[in-house]
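Read off the chains here:
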Amino acid sequence: MLGKLPVYLRLCGYDAAYAGDLGVEADDRLFEIAGEEDRILVTRDVQLAGRADRSVLLTERAVEAQLTELREAGVELEVADRPVRCGRCNGRLEPVPGRESTPEYAPGPAETDCWRCRDCGQVFWRGSHWDRMRRVLE
């Protein structure tokens, strides 16, 4: 129910696991994962939030309003100077050396700083999408 939110959290450098990425739907399993991985559970589910020792209950549907609620709950939402998390899968990012090639959708690392996800291989750079997300966070 918070599908866009993890991408913004990852842009800010947070290790943000998402139930949809994990293929998990059952509240009991989400509760277990949060405990096993020492995570703060962010949810719109009142009952689930009430079960967790560490949770943030969101009420809004729009991601911009959810970000405001997170800020009000004390979560710092600043774009990381250097991206560290994959927006797609939450994997760790590493710089793409200038001599390496990138997929057709990405600029060359010799001209633009690029990062590649260690897990899924997605390439990221500070382009128009990055700028749009940064403006939303501001």
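Note: the structure precedes this text.
Owing to the predicted nature of the structure, the values given are computational and were not obtained by experimental measurement. (Residues numbered from 1 in each chain as written. Predicted model: local features only at pLDDT ≥ 70, side-chain atom pairs only at ≥ 80, totals over all residues. Heavy atoms only, no water.)

S.K.: What is the right way to look at the sheet that holds strand E5 (residues 123-125) in this model?
M.R.: One key point about sheets: their strands pair by backbone hydrogen bonds, in either a parallel or an antiparallel sense. Judged by pairing direction, the sheet is antiparallel, and its 3 strands sit side by side in the order E3-E4-E5 without closing on themselves. Unpaired on one side and paired on the other, strand E3 (93-95) and E5 mark the two borders of the sheet. In this sheet, adjacent strand axes meet at a mean angle of 35° when their direction is disregarded. Looking at chain direction, strand E4 (residues 114-117) and E5 are connected through 3 bridges and run antiparallel. The residue of E5 that forms the bridge with Arg116 is Val123. (Pairing = 2+ DSSP bridges. Helix = DSSP H or I, 4+ residues; strand = E, 2+ residues; numbered from the N terminus. Axes fitted to C-alpha atoms, helices over the stretch in contact; angles between N-to-C directions.)

S.K.: Explanation requested: helix H5 (residues 63-72) in the structure shown.
M.R.: Because the α-helix completes a turn every 3.6 residues, residues three or four places apart line up on one side. Taken together, the buried positions of H5 are Val63, Gln66, Leu67, Glu69 and Leu70. Buried residues of H5, viewed axially, fall in a sector of 160°; they line one side. For H5, the elements touching its buried residues are helix H1 (5-11), strand E1 (41-43), strand E2 (55-57) and helix H6 (128-137). Downstream of H5 by a residue or two, Gly74 has a phi angle that is positive, lying close to 95°. (Buried < 20%, exposed > 50% of the residue type's maximum accessible area, 1.4 Å probe, protein only. Arc of directions from axis to C-beta. Contact = heavy atoms within 4.5 Å.)

S.K.: Would you mind showing me how to read helix H3 (residues 27-36) here?
M.R.: Those residues of H3 that sit buried are Leu30, Ile33 and Ala34. One side of H3 carries all its buried residues, which in axial view fall inside an arc of 100°. Facing away from the buried side of H3 by more than 90 degrees, the exposed set consists of Gly35 and Glu36. Buried residues belonging to H3 abut helix H2 (19-22), E1 and helix H4 (46-51). With its phi angle positive at about 50°, Asp38 sits one or two positions after the end of H3.

S.K.: Which parts of the structure should I look at to understand unusual backbone geometry?
M.R.: Negative phi characterises most residues that are not glycine, and trans characterises most peptide bonds. One non-glycine residue, Asp38, lies in the positive phi region at around 50°. Along the chain, the position of Asp38 falls in the loop between H3 and E1. Positive phi, normally seen in glycine, also occurs at Asn90, with a value near 80°. Relative to the elements of secondary structure, Asn90 occurs in the loop between H5 and E3. Relative accessible area serves as the criterion here: at 9%, Asn90 is assigned to the buried category.

S.K.: Even after reading the chapter, I still don't get the environment of Leu48, so can you show me in this structure?
M.R.: Structurally, the position occupied by Leu48 is in helix H4. Given a relative accessible area of 3%, Leu48 falls into the buried group. Counting along the chain gives 26 residues from Leu48 to Gly74, while the straight-line C-alpha distance between them is 20 Å.

S.K.: Can you walk me through the pairing of E4 in this structure?
M.R.: Consecutive residues of a regular strand have side chains that alternate between opposite faces of the sheet. With 3 bridges joining them, E3 and E4 adopt antiparallel strand pairing. Note that in E4 the partner of Leu93 across the bridge is Cys117. Counted along the chain from E4 to the antiparallel partner E5, the turn is 5 residues long, and its residue Gly121 has a positive phi close to 85°.

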